[in-house]
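Remarks on the overall topology
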Amino acid sequence: MAHGCVLFTCAVDETLIDCTSGISTTGFVLALSWITNVTAGHTKKVTVNAIMLIAYCVGNAAGPFMWQAQYEPRYAHTRLYSLLTSLTPAFRNHIPWLIIGICYATCMALLLTIRILLARENRLRDAEPRDTTYDDVYVEVALADGTRVERKVEKEYLDLTDIQNRDFRYVL
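**Topic: the overall build of the protein**
The secondary structure content of the protein amounts to six helices and two strands. When the helices and strands of the protein are placed in sequence order, the string is α-α-α-α-α-α-β-β. Across the protein, the fraction of contacts at a sequence separation of at least 24, relative to all contacts at a separation of at least 6, is 57%. Element-wise, carbon and sulfur atoms account for 65% of the exposed surface of the protein, whose accessible area totals about 12400 Å².

See below:
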């Protein structure tokens, strides 16, 4: 992702830019997959996905405002000017791409930090004794003939969050 910003900033050939325009899509899809796998409990999972998609939409709505008129490239009809604009950073449209590059680098650093924290949490949970708090949960079910029967509910179906379910392990 960050290398895409470098390509956008330094590329001479516009077709190279066209080839790299979908770079952030892969990271977004991986992020959606990852947050689904490191979140337990249906309610929490839906909430986390909603927050992620809202942040994505806000970013997409705010993104076009980065491209202000002052960053507009200057076009001239001379080959010398075209050569200078492609080789000299002072003539290029750097500010928005710099901001995007910093955001990508920050995201990578945050994801690495989260991964380290989750790996540490997995090690702590592995060292703990098994949690039996939610092992014997029963619900009362009414059968078709009107009799009531208690049925055991497995821990996976209790809608416990990853913090409540100490047997949950984060996918790294």
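Right, picking up where we left off after that structure.
**Some remarks on the pattern of salt bridges**
With the rule as written, the count across this model stands at ten salt bridges. Residue Glu121 pairs with Arg125 through a salt bridge whose shortest N-O separation is 3.0 Å. On the criterion of helical spacing, the pair formed by Glu121 and Arg125 is a turn pair, its members being four residues apart in helix 6 (residues 94-127). Counted as one network, the salt bridges with shared partners bring together Glu121, Arg125, Glu128 and Arg166.

**Section: unusual backbone geometry**
A positive phi angle, close to 60 degrees, is found at Asp159, a residue other than glycine. Along the chain, Asp159 falls in the segment after strand 2 (148-153).

**Points about the packing of aromatic side chains**
One pass over the structure, following the stated rule, counts one aromatic pair. Ring centres 5.3 Å apart and planes at 85 degrees place the aromatic pair Phe168 and Tyr170 in the edge-to-face group. Here Phe168 matches Tyr170 in class, with each residue buried.

**Focus: the side chain of Arg125**
The class for Arg125 is buried, based on a relative accessible area of 2%. Excluding residues that lie within four positions of it along the chain, Arg125 makes contacts with Asp162, Ile163, Asn165, Arg166, Phe168, Arg169 and Tyr170.

**Considering the nonpolar core**
A general tendency of soluble globular proteins is for nonpolar side chains to be buried together. The biggest cluster of nonpolar side chains holds six residues, and these are Trp34, Val38, Ala40, Leu118, Phe168 and Tyr170. With residues up to four places along the chain from it excluded, the contact list for Leu118 reads Trp34, Val38, Tyr170 and Leu172.

**Overview of the side chain of Asn165**
Looking at the secondary structure, you find Asn165 in the segment after strand 2. The class for Asn165 is buried, based on a relative accessible area of 13%. Apart from residues lying up to four places away in sequence, Asn165 is in contact with Arg125, Lys155 and Leu160.

**A closer look at the pairing of strand 1 (residues 137-142)**
Note: strand 1 against strand 2, six bridges, orientation antiparallel. Counted as the bridge partner of Glu140 is Glu150 from strand 2. Taking the residues that link successive antiparallel strands as the turn, the strand 1-strand 2 hairpin has five residues, and the phi of Gly146 there is positive, at about 95 degrees.

**Quick look at a nonpolar patch on the surface**
A contiguous nonpolar surface patch, about 260 Å² in accessible area, is contributed by Leu110, Leu111 and Ile114. Positionally, Leu111 belongs in helix 6.

**A closer look at the environment of Glu150**
In this fold, Glu150 is placed in strand 2. Accessibility expressed as a relative area gives 57% for Glu150, which makes it exposed. Distance from Glu150 to Tyr138, taken between C-alpha atoms, is 5.9 Å for residues twelve residues apart in sequence. If we skip the residues at most four places from it in the chain, Glu150 touches Tyr138, Val139 and Glu140.

Definitions and cut-offs
- Residues numbered from 1 in each chain as written.
- Predicted model: local features only at pLDDT ≥ 70, side-chain atom pairs only at ≥ 80, totals over all residues.
- Heavy atoms only, no water.
- Helix = DSSP H or I, 4+ residues; strand = E, 2+ residues; numbered from the N terminus.
- Contact = heavy atoms within 4.5 Å.
- Areas by Shrake-Rupley, 256 points an atom, 1.4 Å probe, with all protein chains shown as cover.
- Salt bridge = Lys/Arg side-chain N within 4 Å of Asp/Glu carboxyl O.
- Phe/Tyr/Trp six-rings, centres within 6.5 Å; stacked < 30°, edge-to-face > 60°.
- Buried < 20%, exposed > 50% of the residue type's maximum accessible area, 1.4 Å probe, protein only.
- Core = buried A, V, L, I, M, F, W, Y, C linked by side-chain atoms within 4.5 Å.
- Pairing = 2+ DSSP bridges.
- Patch = residues over 30% accessible without salt bridge, like charges linked within 9 Å, V, L, I, M, F, W, Y side chains within 5 Å.

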